[in-house]
Every structure is written in C-alpha cells, then in structure tokens.
Amino acid sequence: MMISLKRMNAILQKDFKDFSRNYAVSIVIVIPILLAAFWGRMGADSIDMHYMLINMTFGMVAAFVQCCLIAEEKEKNTLRGLMLSPASTADILGGKSLLTFIITMVVVFFSAYLAEYKPANVAVIVVAIVLSSFFYIALGTLLGLYSKSVLEASVIVMPVIVIFSFGSFIAVAAEKYPILQAANYLPNLQLIELAAKVEAGAGFGDVLVEFAIILGWVIASIFLTVVIYRKRMVD
Amino acid sequence: MENIIEVSSLAKVFANQTAIESVDFHVKKGEIFGFLGPSGSGKTTTIKILTGQLTPTSGTAKVFGESVSLLKKAEYRRRFGVLTDNSGLYGRLSIYDNLKLYCDLYDVAYSKIDEVLDAVNLKQEKAKKVSALSKGMTQRVTLARALIHEPELLFLDEPTSALDPTNSLHIHEGLRALNEKGTTIFLTTHDMYEAEVLCDRVAFLNKGQIQLLDTPDKLKKSYSDSTITVELTNGEKVILPAGSEGANRLFEYMNTNQVETIHTNEPTLGDIFVQVTGRKLA
Ligand SMILES: Nc1ncnc2c1ncn2[C@@H]1O[C@H](COP(=O)(O)OP(=O)(O)O)[C@@H](O)[C@H]1O
Ligand SMILES: [Mg+2]
C-alpha cells in the first residue's frame with residue numbers, strides 16, 4: 001500500500017486546527033495532567049499509581065479523543081470525502097491517528113514529569129509506552145467507526161477508559177477470582193508488569209514476553225480496524 | 001463517441017426497498033447528462049453506485065471503461081469528482097482550509113482555491129468558518145471542492161437544490177464553461193428547467209426505472225401537439241393547428257391587427273414527465 005506523507009500531513013494539520021477549536025473534546029487532555037500534578041504533590045510514587053495515570057491517559061486521550069475524531073468524521077460525512085479522494089487507507093487512518101498520537105505522548109510526558117515518575121530504564125519505558133499507545137489509538141478508531149455520532153462514541157468509549165485505567169484493581173481481583181487470570185494478558189497489565197520489572201533492574205532482554213504480548217494486541221487491533229474501515233467504505 | 005459511463009440492467013435492492021430496478025443507460029464523453037426524477041426515484045442510489053460507495057445488487061456499471069469496483073484505486077478516484085447530500089465539510093474550519101485539505105489530497109496547487117471560489121461566487125468569503133454559512137453557501141463550497149482537481153467526470157447530485165435563482169444561474173454558467181473545457185457531467189435534478197438549459201440528454205427516472213431518454217429538444221418536439229396559441233387584442237386566446245387551416249386563420253388575425261402575442265405550444269420537460277409517468281417532478 002502506498003503511503004503519502006503529504007496527505008497524512010494535510011490530514012494532521014486539518015485535525016490540529018479542528019481539535020484546537022473543539023473544546024468539548026480537547027478539554028480531556030487537562031484531566032490526566034491535573035491528576036498528575038495533584039499526585040505529585042501528595043508524593044504518591046508507586047508504579048501502580050504512575051501507571052494508573054498513564055493507562056488513564058491512554059483511555060481518556062488516546063482512545064477517547066481518537067474515537068470522537070473518527071465518529072465526528074462519520075457523523076458529519078467528511079470521512080466519505082476522504083475515502084473518495086486518492087488518499088489510501090493508510091494515509092487516512094495514519095493521518096487521523098497522528099494528532100492523537102502526538103497529544104497522547106505530550107500528555108504522558110507531562111503527567112509523568114508532574115507525578116515525578118523517573119523510570120530506571122527510560123529507553124525501555126519509552127518503547128513500551130509508544131507501542132501501547134498504538135493499541136489504544138486503534139481501539140479508539142474501531143469504536144469511532146462503530147458509532148454513528150460523537151455522542152454515541154463518547155458513551156461507548158467509557159467502559160474502555162474504566163477497564164484500562166483501573167487495571168491494577170483487576171490484577172488484585174484476579175488473585176481472588178482465577179477466572180480473571182486471563183485479564184493479566186491485557187496490554188495495560190502487561191505494561192504495569194513490564195514497568196515493575198524495569199524498576200527491578202530489567203533491560204530490553206528481560207521484558208521480551210511483555211513486549212510480545214503488547215505487540216500482539218497492537219497487531220490484532222490494527223488489523224481489525226483496517227478490516228472494519230474497508231467494510232465501511234461501501235455502505 | 002467514447003462512453004465514459006456504461007450501465008446495464010443495474011439494480012439495487014435495500015433490505016425491504018427496491019431503490020432501482022433494471023436501469024440501462026450510457027453517458028458519452030463530453031456530454032452533460034441529466035438524471036431527472038422525483039425524490040425517492042433512485043437518483044442518489046445511482047450516483048453512489050457509480051462512485052463506488054454502494055455495491056449494486058445486480059447488473060453492471062462501468063466508469064472509465066472499468067467496473068465500478070475498481071474505483072477504489074487512487075488512479076481512478078483522481079479522475080472524478082462528486083457532490084452529493086452526504087458530502088460533508090469541516091464546520092470549525094474556514095472555507096479556505098477546507099479546500100486546502102483537498103488540494104493536498106489531490107495534489108493540486110493552492111492557487112486553484114481562488115479559481116474555484118470565483119466559479120461559485122465565494123471568493124470574498126473564503127476566511128469564513130463553514131459552520132457559519134447558509135445552506136446555499138455550503139452547497140457552493142461543496143461544489144467548489146468537487147471541482148478543485150479538474151476531474152474528467154463530475155457527479156452532481158442536485159447541485160442547485162439549495163440555491164437562489166441568481167446563484168443557480170451563475171453555477172449553470174460555470175458548469176457549462178467547465179463542460180466546454182472537456183469535463184463530462186452526470187447531474188441529477190428534480191428541476192426540469194435546470195435539465196432543459198444544461199443537459200445534452202436527459203433520462204426520466206421513475207420508481208427505479210428509466211422511462212424515457214433523449215435530448216430535451218427531441219423530447220419536446222415529439223411530445224408537442226403541433227399547435228400555436230394566439231392571444232388576441234380583445235384578451236381571447238385561440239389555439240390553432242400548425243397546418244394550412246391554422247395559417248389561414250392566423251393570417252386573418254394578423255391582417256386585421258388583432259394579434260397581441262403568439263406562442264408555440266411545446267411542452268416543458270416537466271409536462272412531459274407528468275404525461276409519461278403520471279407523477280409530478282418536485
Ligand atoms: N441506505 C438505504 N437503506 C434503505 N433504503 C434506502 C437507502 N438509501 C435509499 N433507500 C431507498 O431507495 C429509494 C431511492 O432513494 P434515493 O436514491 O435516495 O432517491 P432520490 O435520490 O432520487 O431521491 C428510496 O425509496 C429510499 O428510501
Ligand atoms: Mg437524492
């Protein structure tokens with residue numbers, strides 16, 4: 001498939017202007033930052049705390065913002081115009097994901113800074129966070145493609161925010177209820193696991209399993225998104 | 001002459017509704033082809049099939065000599081432009097920014113923006129936010145967007161439905177100029193006047209079928225009852241047959257200075273539509 005940087009950049013520019021004027025959606029980016037500043041002051045610095053914040057950012061920013069952006073393109077019939085243009089599926093989905101990706105990274109960076117999270121191995125954590133964000137953006141795209149309006153989108157994305165933000169509670173519950181053991185394979189819990197190992201001195205080679213599981217989620221979610229998108233191209 | 005659109009036995013059935021059943025027609029390269037029909041007759045459905053937005057239930061539809069399923073390819077998409085009621089714009093962005101995006105998507109220089117805005121009479125308005133525009137202005141921006149890459153083939157679904165007569169006229173002039181430069185236009189309308197002034201050929205669509213297809217001129221001639229109406233100075237209107245008997249009576253009226261006006265009685269496309277389908281257009 002052909003990728004055109006010019007087209008992706010055009011979609012990014014357009015989304016940036018649109019997003020900066022769309023206060024109803026753009027307001028969510030301040031929530032994780034405010035929480036981070038608050039927790040930083042309280043001196044909360046366990047890995048679980050930091051990753052509740054990071055996973056919340058993934059849910060509220062990566063998934064929610066992306067879901068609303070895609071749903072609005074559908075609701076306002078602008079996605080149709082993109083689809084009918086020479087832009088490829090990769091141009092459109094990539095272009096539509098770029099803004100969310102940049103915002104997510106900025107918010108994660110600032111909230112980690114404010115919450116005073118200093119990973120023992122920054123390189124491993126950066127790769128893990130970038131990789132994880134792809135999963136949430138794909139998930140947001142998928143939910144956006146399913147919803148008919150921004151309103152519907154903002155409702156169906158809620159459970160995602162809750163499930164993924166409060167991952168550490170699921171992990172605790174899983175100790176009591178073995179049926180929840182499977183939840184340990186969720187990308188948010190794998191990320192926490194990975195981060196904990198990094199704090200204990202792990203390098204890239206020690207967290208390959210966690211990386212592989214997160215990568216599996218990323219590939220599966222992107223694949224599903226492209227399939228659904230292609231289906232939506234013809235009514 | 002080469003056909004740019006070829007449709008045969010085309011049908012589209014939705015879950016519980018037949019939108020079009022067995023439609024056949026072709027559009028020649030360089031013509032303005034009008035699809036005339038009341039609302040619900042299947043005009044939009046046909047355009048959606050021809051632009052690859054809907055898959056037909058049966059039959060074949062070819063555009064540029066290829067099956068419409070191939071329109072997914074970028075090389076074909078570059079060659080046509082579409083305006084339908086589901087062509088949306090970005091409301092929070094200005095007219096200019098909306099068109100700028102499309103310049104990038106189609107690899108067109110930004111200098112084209114002023115040119116197309118001129119064609120739709122919106123050059124002065126280009127900094128305005130789209131959400132603040134009237135319905136007619138929005139429709140003109142959408143039209144400008146469909147033209148921006150100078151497509152070979154333009155699909156216009158009721159392009160002037162929200163416009164006032166002055167703007168419609170301006171758009172008609174623009175479309176004719178575009179057509180003279182070589183763009184083939186496939187246009188749907190329920191405005192018989194628009195079809196008459198703009199189209200080289202028109203098809204009457206009713207209940208998902210084409211009931212008549214010809215040039216507006218030939219249609220009007222073949223449905224004309226060959227009479228003329230003479231309005232006399234005393235206010236009386238007399239209908240005369242076109243033959244020698246009518247000529248003699250007309251000579252008599254003229255000779256005695258009784259004639260106020262003379263009209264030939266050719267039907268409008270709207271009249272013919274009612275006669276053929278038993279339905280009104282609008
Ligand atoms: N997505 C759809 N699902 C079900 N029925 C549809 C759909 N789109 C159009 N129709 C039906 O098909 C018929 C033709 O519609 P349409 O092509 O929009 O007509 P027009 O554009 O001439 O007004 C109508 O009866 C309409 O209700
Ligand atoms: Mg219609």
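As the structure is a computational prediction, the values presented were derived from the model and not from experiment. (Residues numbered from 1 in each chain as written. Chains lettered and ligands numbered in written order. Predicted model: local features only at pLDDT ≥ 70, side-chain atom pairs only at ≥ 80, totals over all residues. Heavy atoms only, no water.)

The next subject is the site of ligand 1. All names here are of chain B. Taken together, F14, Q17, A19, P38, S39, G40, S41, G42, K43, T44 and T45 are the residues near ligand 1. Here an oxygen atom of ligand 1 sits 3.0 Å away from a polar atom, N or O, in the side chain of Q17. Between an oxygen atom of ligand 1 and a main-chain N or O atom of G40, the distance comes to 2.6 Å. Expressed as a share of its isolated accessible area of 560 Å², the protein-covered part of ligand 1 is 62%. Contributions of two or more residues to the shell around ligand 1 are made by β2 (17-28) and α1 (43-50). Take the shell around ligand 1: its biggest share by element is 3 residues, from α1. Counted by class, the shell around ligand 1 contains 3 nonpolar, 7 polar and 1 charged residues. (Near = heavy atom within 4 Å. Polar contact = N/O pair within 3.5 Å; in protein donor to acceptor, adjacent residues only side chain to side chain. Areas by Shrake-Rupley, 256 points an atom, 1.4 Å probe, with all protein chains shown as cover. Helix = DSSP H or I, 4+ residues; strand = E, 2+ residues; numbered from the N terminus. Nonpolar A, V, L, I, M, F, W, Y, C, P; charged D, E, K, R; others polar.)

What follows covers the packing of helix α4 (residues 47-75) of chain A against helix α11 (residues 187-199) of chain A. All names here are of chain A. In the contact formed by α4 and α11, the axes pass within 10 Å of each other and the chain directions differ by 140 degrees. Taken as axis vectors, α4 and α11 run oblique relative to one another. When the axes of α4 and α11 are compared, the crossing they make is right-handed. Of α11, the residues touching α4 (which contributes I47, D48, Y51, I54, N55 and F58) are N188, L191, I192, A195, A196 and E199. Taken together, the residues of the contact of α4 with α11 break down into 8 nonpolar, 2 polar and 2 charged. (Axes fitted to C-alpha atoms, helices over the stretch in contact; angles between N-to-C directions. Parallel < 35°, antiparallel > 145°, perpendicular 65-115°, else oblique. Left-handed = near helix turned anticlockwise from the far one by under 90°. Contact = heavy atoms within 4.5 Å.)

Residues and elements named next belong to chain A. In contact at an axis separation of 9 Å, helix α3 (residues 30-42) and α4 are set at 170 degrees when each is read in the N-to-C sense. Viewed along their axes, α3 and α4 adopt a mutual orientation that is roughly antiparallel. Of the residues in α4, those touching α3 at I31, P32, L35, A36 and W39 are M49, M52, L53, M56, T57, M60 and V61. Considered class by class, the residues forming the contact of α3 with α4 number 11 nonpolar, 1 polar and no charged.

Keep in mind that low pLDDT regions are not for reading the predicted coordinates in detail. Mean pLDDT over chain B: 91, with 99% of residues reaching 70 or higher. We note a pTM of 0.90 for the whole complex and an ipTM of 0.91 for its interfaces. (pLDDT = per-residue confidence, 0-100.)

The phi dihedral of E116 of chain A falls on the positive side, at around 60 degrees, and the residue is not glycine. Relative to the helices and strands, E116 of chain A is located in the loop between α6 (89-114) and α7 (122-146). A positive phi angle is found at K207 of chain B, which is not glycine, with a value near 50 degrees. By the element assignment, K207 of chain B lies in the loop between β9 (201-206) and β10 (209-214). K207 of chain B gets classed as exposed once you look at its relative accessible area, which sits at 60%. (Buried < 20%, exposed > 50% of the residue type's maximum accessible area, 1.4 Å probe, protein only.)

Bringing α6 of chain A into the picture now. Residues and elements named next belong to chain A. Compared with the 38 Å implied by 1.5 Å per residue over 26 residues, the 37 Å span of α6 between its first and last C-alpha is a close match. When the local axis directions of α6 are compared, the greatest deviation, roughly 30 degrees, occurs at L98. Directly after α6, the chain includes E116, whose backbone phi takes a positive value near 60 degrees. (Expected span 1.5 Å × (residues − 1). Bend = angle between axes of the 7 residues up to and from the residue.)

Before going further, it helps to examine the interface of chain B and chain A. How large an interface is tends to be reported as the accessible area lost when its parts come together. Chain B puts 27 residues into the contact, and the matching count from chain A is 25 residues. Roughly 2500 Å² of surface becomes buried between chain B and chain A when both sides are summed, with 54% attributable to carbon and sulfur atoms. Between R92 of chain B and D18 of chain A there is a salt bridge, with its nearest N and O atoms 2.9 Å apart. On inspection of chain B and its partner chain A, the count reaches 15 residue pairs in polar contact (both at pLDDT 80 or more). The element that contributes the greatest number of residues to the side of chain B that touches chain A is helix α3 (residues 95-105) of chain B, accounting for 5 residues. Looking at side-chain class alone, the side of chain B that touches chain A contains 11 nonpolar, 7 polar and 9 charged residues. (Buried area = accessible area lost by both parts, 1.4 Å probe. Salt bridge = Lys/Arg side-chain N within 4 Å of Asp/Glu carboxyl O.)

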